[in-house]
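Given next are the chains, with one letter for each unit.
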Number of protein chains: 2
Amino acid sequence: MAYRPPLRDYGFLFREVLKLDDYAMVPSIADAPVDLVEQVIEAAGEFAAGVLAPLNGVGDKNGCKLDGDKVTTPPGFKEAYKQLVEGGWPALSVDPQWGGQGLPYVVSVAFMEMSSSANMAFSMYPGLTRGALAALEFGGSDELKNLYLPKMATGEWAGTMNLTEPHCGTDLGMLRTKAVPQPDGTYKISGQKIWISGGEQDFTDNILHLVLARIEGAPAGVKGISLFAVPKFLPNPDGSLGARNTVSCVGLEEKMGIHGNSTCVIQHEDSTGWLIGAENSGLKIMFVMMNEARLGVAVQGLSQAEAANQAAADFARDRLQGRSLTGPKNPEGPADPIVVHPDVRRMLMNSRALIEGGRAFMLWTALHADLAHGHPDETVRTKAGDYMGLLTPVLKAYLTDKGFATANDALQVHGGSGFTEHFPASQYVRDSRITMIYEGTNGIQALDLVGRKLAANGGRAVMSFFAEIDGFVGGEGRDPALKPFVDGLAGAKASLQEATLWLMQNGMANPDNAGAASTDYLHLFGLTSLAYVWALQAEAAQAKVAAGDNDPFYANKLITGRYFLERMLPDAASHLAKLKAGSALMMELPAEAF
Amino acid sequence: MAYRPPLRDYGFLFREVLKLDDYAMVPSIADAPVDLVEQVIEAAGEFAAGVLAPLNGVGDKNGCKLDGDKVTTPPGFKEAYKQLVEGGWPALSVDPQWGGQGLPYVVSVAFMEMSSSANMAFSMYPGLTRGALAALEFGGSDELKNLYLPKMATGEWAGTMNLTEPHCGTDLGMLRTKAVPQPDGTYKISGQKIWISGGEQDFTDNILHLVLARIEGAPAGVKGISLFAVPKFLPNPDGSLGARNTVSCVGLEEKMGIHGNSTCVIQHEDSTGWLIGAENSGLKIMFVMMNEARLGVAVQGLSQAEAANQAAADFARDRLQGRSLTGPKNPEGPADPIVVHPDVRRMLMNSRALIEGGRAFMLWTALHADLAHGHPDETVRTKAGDYMGLLTPVLKAYLTDKGFATANDALQVHGGSGFTEHFPASQYVRDSRITMIYEGTNGIQALDLVGRKLAANGGRAVMSFFAEIDGFVGGEGRDPALKPFVDGLAGAKASLQEATLWLMQNGMANPDNAGAASTDYLHLFGLTSLAYVWALQAEAAQAKVAAGDNDPFYANKLITGRYFLERMLPDAASHLAKLKAGSALMMELPAEAF
């Protein structure tokens, strides 16, 4: 069965959990009443399911081809991109100043999830453009912004990020690409960049590469890195295309997945670039793009879990094999559908609890992006901004680790069929695998969380988050049916608080303790966050049930939430125990012993 | 760096943990003193590393080709198979009666691990032959055995298992392939079988397919299934090849991994077959092959973890990126090797603790296969046979779930490089993925454990296993340094016993409770088994350390074992909590809600 956009879940989250209509003080939300948002989401779902999903397997099987420096994307991608642009989808939450529609970020996130579920490799092309646009909007001169942003907002031009070099990925301080100032104020950029997603393609007239490079004579390390705008074609001041720049794709990577996206080796040979922002402030601006991209990758993790789980559920309902342990459920048939088997259910329910919790967590955080950007109250903006900083690494690593695990469970539901390429399960596993790596590996996210985000502003963000949870837990007059959710949340939060204290006490004394604890801490943080948004969802669903609404959606939501509490939340204790083991045994073996 | 056979670990396990030389009462072990075993293992390691490993990537990239009904294996495979046969490797633990070397099963397991680490797709060809040989040896007539076994023992002829049909895999009761008795005592077999590993290849003169089929008029379901020997070429009584049989490969599967192994669609069109054993007793005989194969798959899981982890360790020592959190460890270089980072260590140490524990668990169980087969004391044989039955599903599912997870961690250590096909990491992930599925999915293993193996003979096997652990835990006069191992084992065993009681009380009342608990129960069983063999290894290593041996091998073994206790064993509590949640929430949603 084809991909089915989760419209009902979005409606529930927007109306009943996030209560978007309560935020009329935020201009972008005020301009987009929930009825309008739902119409946009529905149209986005149609585009994703109708245009992008049919090309997902095509992209995987055909991949991208390089001929000279020309990249040919898989059959149908070019036409789909044309439809993407015609539908105005790239501009969804771009500032109207640049021709965007200015819709709230939560709407953009829903669009990203659906288009990525339908076709992750395709959706990366506009995804990277969105990130480049955000960085240029943040750090670029008016001249650069006026020249590029309107065309990037529509998708007429694309954007990429050129960071990694063969000898340096995570450690950007080592990068060697150099920039030589020219008398006319431009720079000549030379060097090789690898793993450039969408670095070349056949659907836009121009591509703006945002390139990290070192200006001759700049300080060593990360303090000497600047960011440059390097277009494929040098635009004339009126926006028409001028000469071809000396930047080109000289190779395509063979990869485990996302075959439909071109992963390019990009060669800069005295290519012409314009400085973005001040000299040596490249990393700061690039991190605007990076944070945007990290949230996008979190959504990708969620999106692959959703798509894979839909395929698994379809298979589990159709495949007849064996009989229920409690007697035939399909007595007229030769066997029961495998959805009757508890261990198949275990995988489907784990997936569902992760997906519905993960989507709520993602959108709850996205709402804070809207609040951070447009709420009139500075206190609210500050707190929302704190949450964004704190939760970005959690969302990125937790949702991609779990997204991959969910895709992997979905493959397992398929049995042997899942290992063949006749079913989509293998592609979801292979495609989702990159999300744990790019835009900072999940280990880097965990370090960012324990090493930077926890300590920032004296721990203000995490204390706000704990206070918010305490406020919920201490809420009075609540429906007794919600008690398991409140208790589960309180327990998880206590574990997370204990872990946070342990980190404060032991991470200072020996930073390796913080590193050794980081991944378990991040997962404990993810579980606790899911416990919170599951409690919010349960409260909304229970209110409907208590009011006599017998839409099974609400009853199923409560069952899935309780499943989360009983079958997934127990991992919190295990993460706490592991992280408190410290770093000594982890670091004791000499490197040569491995 | 190339694959390095873990010879030191084998020596430790054979000499100091399993103490093979204590089993002189077992003829196969008496005939193979440890010195001889080590020579064999060393030569096996040379063959695996020198001949098979260089072809692993070749097989992945080239795959198998089908032209008409002829399969061409990847470049080099045919020559490697010739060397395999010339080296006498297929006959390692085959009964000398059939021309085998009669070495203990533990030796065969070590060979399987190394050859599969070096090249899993290649090693499946002789692996399937071994399984077919075992089934024929168990159930075949003397005529069939004399005709086929000597040639299968040398590898001159190959064997396959033909079970699955498009509409039935796990549920063999539905199979439709039919067998029509002929006046000469043979049968005409007709039907299509899928996913037949090594169903056709280009390196043996003949292939013996063991085929499950239904004799016309046989009872419905699993009670009406018979097993047939269906050779590709009908042999003359002297073993020379006669006419081509009407069995052929009509398709190859496109798969996520193991591209070097041909996964065939096999068409039987009135092909000539010989009944193996009695009519309608096919499943019983096939399960001899299946149990052998399940242990082989457990070894595959281990093998991919080992090979992937070697690649990850090499990468982590070589790749310079970032600085240690506690100050530069490679101050002259541009950055430190990533092995200094705790989160990279976490993955390498998890892998190591799993691999060294898993190898000990595998070989400890394999020793019991030798005892079950050849110990003079019936009590010992019975107990060893009980362990084999009980632990086969645990080994298969636990070592393949964890083998895949380890391969996946190894990819993560590689960062972006791991996602490209220029490094071997992706292949290990893709190849190992099938081990969780074939020879019975891991969910089926878990059901076999809770539904059959626990209850068999009134629970005799699990009670023996618990008594053995209690005996160890209660041991007196032990070195105090072993206390953490004894305590960890006692705690895990208490959890497993509590889970077993819960299953007895709740699985009877509602079989769905057993199904819902099965996978967590199996993982708890696997963890407890690893805690036991880690305690055995620690005892052996500590004895050396206490005696003043300063070979770092022993110190590292103890560190790795303690890491297992502190960083992996905490999952035991989480499995126990989850399984005790029961099946109610898991089964509550209607199928259409998924």
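Note that residues are indexed from 1 along each chain, following the sequence as it is written. Chain labels run from A onward and ligand labels from 1 onward, assigned in the order the entries are written. The model is predicted, so local features are restricted to residues of pLDDT at least 70 and side-chain atom pairs to those at 80 or more, both for listing and for counting; the totals for chains, interfaces and linings are taken over all residues. Hydrogens and water molecules were not included; the side-chain quantities draw on all heavy atoms of the structure.

1. Regarding the overall build of chain A
Phase 1 of the analysis: Tallying secondary structure elements over chain A gives 20 helices and eleven strands in all.
Phase 2 of the analysis: In this treatment the radius of gyration is a C-alpha quantity, and the globule benchmark scales as 2.2 Å times the residue count to the 0.38 power. What you see for chain A is a C-alpha radius of gyration of 24 Å, in line with the 25 Å of a compact globule of 594 residues.
Phase 3 of the analysis: Throughout, a contact is declared for two residues whenever any of their heavy atoms are within 4.5 Å. Put simply, of all contacts in chain A between residues at least 6 apart along the chain, 73% involve residues at least 24 apart.
Phase 4 of the analysis: Accessible areas in this description were obtained via Shrake-Rupley with a 1.4 Å probe; residue shielding takes into account the shown protein chains only. Carbon and sulfur atoms make up 54% of the accessible area of chain A, which amounts to about 20,100 Å² in all.
Phase 5 of the analysis: For the charge count, each Lys or Arg is scored as positive and each Asp or Glu as negative, with His and the chain ends excluded. Every charge is mapped to an atom, namely NZ of Lys, CZ of Arg, CG of Asp or CD of Glu. If you average the places of the 49 positive and of the 66 negative side-chain charges in chain A, the two averages end up 3 Å apart. Runs of E in the DSSP output that reach at least two residues are strands. Runs of H or I that reach at least four are helices, and both are numbered from the N terminus.

2. As for the relation of the copies chain B and chain A
Phase 1 of the analysis: We superpose the copies by least squares over the C-alpha atoms of residues that have a pLDDT of at least 70 in both of them. Mapping chain B onto chain A calls for a screw motion: a turn of 180° about the axis and a shift of 0.0 Å along it, with 0.0 Å RMSD after fitting. Taken together, the rotation and translation describe the operation of a two-fold axis. Looking at the rotation axis and the C-alpha trace of chain B, the residue lying nearest is Ser574 of chain B, at 3.2 Å.

3. Here's the deal with the domain arrangement of chain A
Phase 1 of the analysis: What fixes the domain bounds is an automatic or database domain assignment. We note that the domain assignment places domain 1 (7-136), domain 2 (158-279) and domain 3 (449-585) within chain A.
Phase 2 of the analysis: A C-alpha centroid distance of 41 Å is found between domain 2 of chain A and domain 3 of chain A.

4. Observations concerning the interface of chain B and chain A
Phase 1 of the analysis: With 88 residues of chain B at the contact, the number on the chain A side is 88 residues.
Phase 2 of the analysis: Accessible-area loss on putting two parts together, using a 1.4 Å probe and summing over both, is the definition of buried area adopted here. A combined buried area of about 8,000 Å² lies between chain B and chain A, and 61% of that area is made up of carbon and sulfur atoms.
Phase 3 of the analysis: When the area that chain B buries against chain A is broken down by residue, the three leading residues are Phe419, Arg567 and Phe594 of chain B, summing to 11%.
Phase 4 of the analysis: Here, a salt bridge means any Lys or Arg side-chain nitrogen found within 4 Å of an Asp or Glu carboxyl oxygen. At the boundary of chain B with chain A, the tally comes to four salt bridges.
Phase 5 of the analysis: Of the charged contacts, one joins Lys578 of chain A and Asp571 of chain B as a salt bridge, the two residues approaching to 3.0 Å between their closest N and O atoms.
Phase 6 of the analysis: Pairing of N or O atoms within 3.5 Å defines a polar contact, subject to two protein rules: one partner must be a possible hydrogen donor and the other a possible acceptor, and residues neighboring in sequence count only if both atoms are side-chain atoms. Applying the counting rule to chain B against chain A returns 50 residue pairs in polar contact (both at pLDDT 80 or more).
Phase 7 of the analysis: Residue polarity follows a fixed list, in which Ala, Val, Leu, Ile, Met, Phe, Trp, Tyr, Cys and Pro are nonpolar, Asp, Glu, Lys and Arg are charged, and the others, Gly among them, are polar. Of the residues in the side of chain B that touches chain A, the class split is 40 nonpolar, 26 polar and 22 charged.

5. Topic: the side chain of Thr177 of chain A
Phase 1 of the analysis: When you line up the elements, Thr177 of chain A lands in the loop between strand E3 (157-162) and strand E4 (178-181).
Phase 2 of the analysis: Excluding anything up to four places from it in sequence, Thr177 of chain A contacts Glu165, Ile189, Ser190, Gly191, Gln192, Lys193, Val211, Leu212, Ala213 and Arg214 of chain A.

6. What to know about unusual backbone geometry
Residue and element names in this part refer to chain A.
Phase 1 of the analysis: With a phi close to 50°, Lys19 is a non-glycine residue in the positive phi region.
Phase 2 of the analysis: You can see Lys19 is positioned in the loop between helix H1 (7-17) and helix H2 (27-30).
Phase 3 of the analysis: One non-glycine residue with positive phi stands out, namely Trp195, at about 60°.
Phase 4 of the analysis: With respect to the helices and strands, the residue Trp195 is situated in strand E5 (residues 187-197).

7. As for the pattern of salt bridges
Residue and element names in this part refer to chain A.
Phase 1 of the analysis: All chains considered together, the criterion is met by 60 salt bridges over all chains.
Phase 2 of the analysis: In this structure, the salt-bridge partner of Glu306 is Arg359, at a minimum N-O distance of 2.8 Å. Of the two residues, Glu306 sits in helix H9 (residues 282-318) while Arg359 sits in helix H10 (residues 342-374), which places them 53 residues apart along the sequence.
Phase 3 of the analysis: Residue class for Glu306 comes out buried when judged on its relative accessible area of 10%.
Phase 4 of the analysis: Each residue is placed in one exposure class: buried if its accessible area under a 1.4 Å probe, protein chains only, is under 20% of its type's maximum, exposed if it is over 50%, and partly exposed if it falls in between. Since its relative accessible area comes to 2%, Arg359 is described here as buried.

8. A closer look at the side chain of Ser108 of chain B
Residue and element names in this part refer to chain B.
Phase 1 of the analysis: As for its position among the elements, Ser108 is in helix H6 (residues 105-118).
Phase 2 of the analysis: You can call Ser108 buried: its relative accessible area is 3%.
Phase 3 of the analysis: Of note is the side chain of Ser108, whose polar atom sits 3.3 Å from the side chain of Ser93.

9. Digging into helix H7 (residues 120-139) of chain A
Phase 1 of the analysis: One less than the number of residues in a helix, times 1.5 Å, gives the span that helix is expected to have. Helix length check: H7 of chain A, at 20 residues, gives a terminal C-alpha distance of 28 Å against a target of 28 Å (1.5 Å per residue), a fit within 8%.
Phase 2 of the analysis: With respect to burial, H7 of chain A is a largely interior element, 17 of its 20 residues being buried.

10. Section: the pairing of E3 of chain A
All names here are of chain A.
Phase 1 of the analysis: Burial runs high along E3: six of the six residues are buried.
Phase 2 of the analysis: Of the two faces of E3, the one holding Trp157, Gly159 and Met161 and the one holding Ala158, Thr160 and Asn162 are both buried throughout.
Phase 3 of the analysis: Pairing of E3 with strand E6 (residues 206-215), which is carried by six bridges, proceeds in the parallel orientation. When the bridges of E6 are listed, Ala158 appears paired with Ile207. Between any two strands, at least two bridges found by DSSP are needed for them to pair.

11. Quick notes on the environment of Ala490 of chain B
Residues and elements named next belong to chain B.
Phase 1 of the analysis: Assignment of secondary structure puts Ala490 in helix H16 (residues 483-509).
Phase 2 of the analysis: A relative accessible area of 28% places Ala490 in the partly exposed class.
Phase 3 of the analysis: The sequence separation of Ala490 and Val58 amounts to 432 residues, and the corresponding C-alpha distance is 47 Å.

12. Side note on the packing of helix H6 (residues 105-118) of chain A against H7 of chain A
Residue and element names in this part refer to chain A.
Phase 1 of the analysis: Between N-to-C directions, angles cover 0 to 180 degrees, with each direction set by a line fitted to C-alpha atoms, over the stretch in contact for helices. Two elements in contact, H6 and H7, have axes whose closest approach is 7 Å; the angle formed by their N-to-C orientations is 145°. Counted together, Ser108, Met112, Ser115, Ser116 and Ala118 of H6 and Met120, Ser123 and Arg130 of H7 form the full contact between these two elements.
Phase 2 of the analysis: Residue composition of the contact of H6 with H7, by class: three nonpolar, four polar and one charged.

13. With respect to the packing of aromatic side chains
Phase 1 of the analysis: The rule is short: rings of Phe, Tyr and Trp, with Trp giving its six-membered ring, pair when the centres are within 6.5 Å, and they are stacked under 30 degrees, edge-to-face over 60, tilted in between. In total, this model carries 45 aromatic pairs over all chains according to the counting rule given.
Phase 2 of the analysis: Pairing Phe465 of chain A with Tyr532 of chain A gives two aromatic rings, centres 6.4 Å apart and planes at 90°, and the pair type is edge-to-face. Taken together, the residues Phe465 of chain A in helix H15 (residues 456-473) and Tyr532 of chain A in helix H17 (residues 511-546) connect sequence positions 67 residues apart. Pair check on accessibility: Phe465 of chain A and Tyr532 of chain A agree, each one buried.
Phase 3 of the analysis: Among the aromatic residues, those joined into a cluster by ring pairs are Trp364, Tyr387, Phe465, Phe472, Tyr521, Phe525 and Tyr532 of chain A.
Phase 4 of the analysis: Looking at Arg352 of chain A, its charged tip hangs above the ring of Phe594 of chain B, at a distance of 5.6 Å from the centre.
Phase 5 of the analysis: One Lys or Arg, Lys493 of chain A, reaches over the ring of Phe466 of chain A and ends 5.3 Å from the middle of that ring. Any Lys NZ or Arg CZ that is within 6 Å of a ring centre and within 35 degrees of that ring's normal is treated as a charge sitting over the ring.

14. Re the packing of H10 of chain A against helix H11 (residues 378-413) of chain A
All names here are of chain A.
Phase 1 of the analysis: H11 packs onto H10 with a crossing angle of 160° between their chain directions and a minimal axis gap of 8 Å. Considering the angle they form, H10 stands roughly antiparallel to H11. With respect to the hand of their crossing, H10 and H11 are arranged in left-handed fashion.
Phase 2 of the analysis: Here the residues of the contact of H10 with H11 sort into 21 nonpolar, eight polar and three charged. Angle categories: roughly parallel below 35 degrees, roughly antiparallel above 145, roughly perpendicular from 65 to 115, and oblique for all the rest. A clockwise turn of the near helix away from the far one marks a right-handed crossing, whereas an anticlockwise turn of less than a right angle marks a left-handed crossing.

15. A closer look at the environment of Asp60 of chain A
Phase 1 of the analysis: Tracing the chain through its elements places Asp60 of chain A in helix H4 (residues 56-62).
Phase 2 of the analysis: Along the chain, Asp60 of chain A and His259 of chain A lie 199 residues apart, while their C-alpha atoms are 5.0 Å from each other.

16. Let's talk about the state of the cysteines
Residues and elements named next belong to chain B.
Phase 1 of the analysis: We call a pair of cysteine sulfur atoms a disulfide whenever their separation is within 2.5 Å. In this structure the tally under the stated criterion is zero disulfides over all chains.
Phase 2 of the analysis: Note on Cys64: no disulfide assigned, nearest cysteine sulfur contributed by Cys264 at a separation of 7.7 Å.
Phase 3 of the analysis: The closest cysteine sulfur to the non-disulfide-bonded Cys168 is located on Cys264, 18 Å from its own sulfur.
Phase 4 of the analysis: Judged by its relative accessible area of 0%, Cys168 is buried.

17. Some thoughts on the pairing of strand E4 (residues 178-181) of chain B
Residue and element names in this part refer to chain B.
Phase 1 of the analysis: As paired elements, E4 and strand E5 (residues 187-197) share four bridges and run antiparallel to each other. By the bridge assignment, Lys178 is partnered in E5 with Ser190.
Phase 2 of the analysis: Taken together, E4 and the strand that follows it, E5, pair antiparallel across an intervening segment of five residues, in which Gly185 is found at a positive phi of about 95°.
Phase 3 of the analysis: Where E4 lies against strand E6 (residues 206-215), two bridges are found, and the strand directions are parallel. Looking at E6, one finds that Lys178 is bridged to Arg214.

18. Re helix H3 (residues 34-52) of chain A
Spacing of three or four residues puts side chains on the same side of an α-helix, whose turn is 3.6 residues.
Residues and elements named next belong to chain A.
Phase 1 of the analysis: Here H3 is 19 residues long and its end C-alpha atoms lie 25 Å apart, about the 27 Å a rise of 1.5 Å per residue gives.
Phase 2 of the analysis: Of all the positions in H3, only Val34, Val37, Val40, Ile41, Ala44, Gly45, Phe47, Ala48, Val51 and Leu52 are classed as buried.
Phase 3 of the analysis: For H3, the elements touching its buried residues are H1, H4, helix H5 (77-86), H6 and H7.

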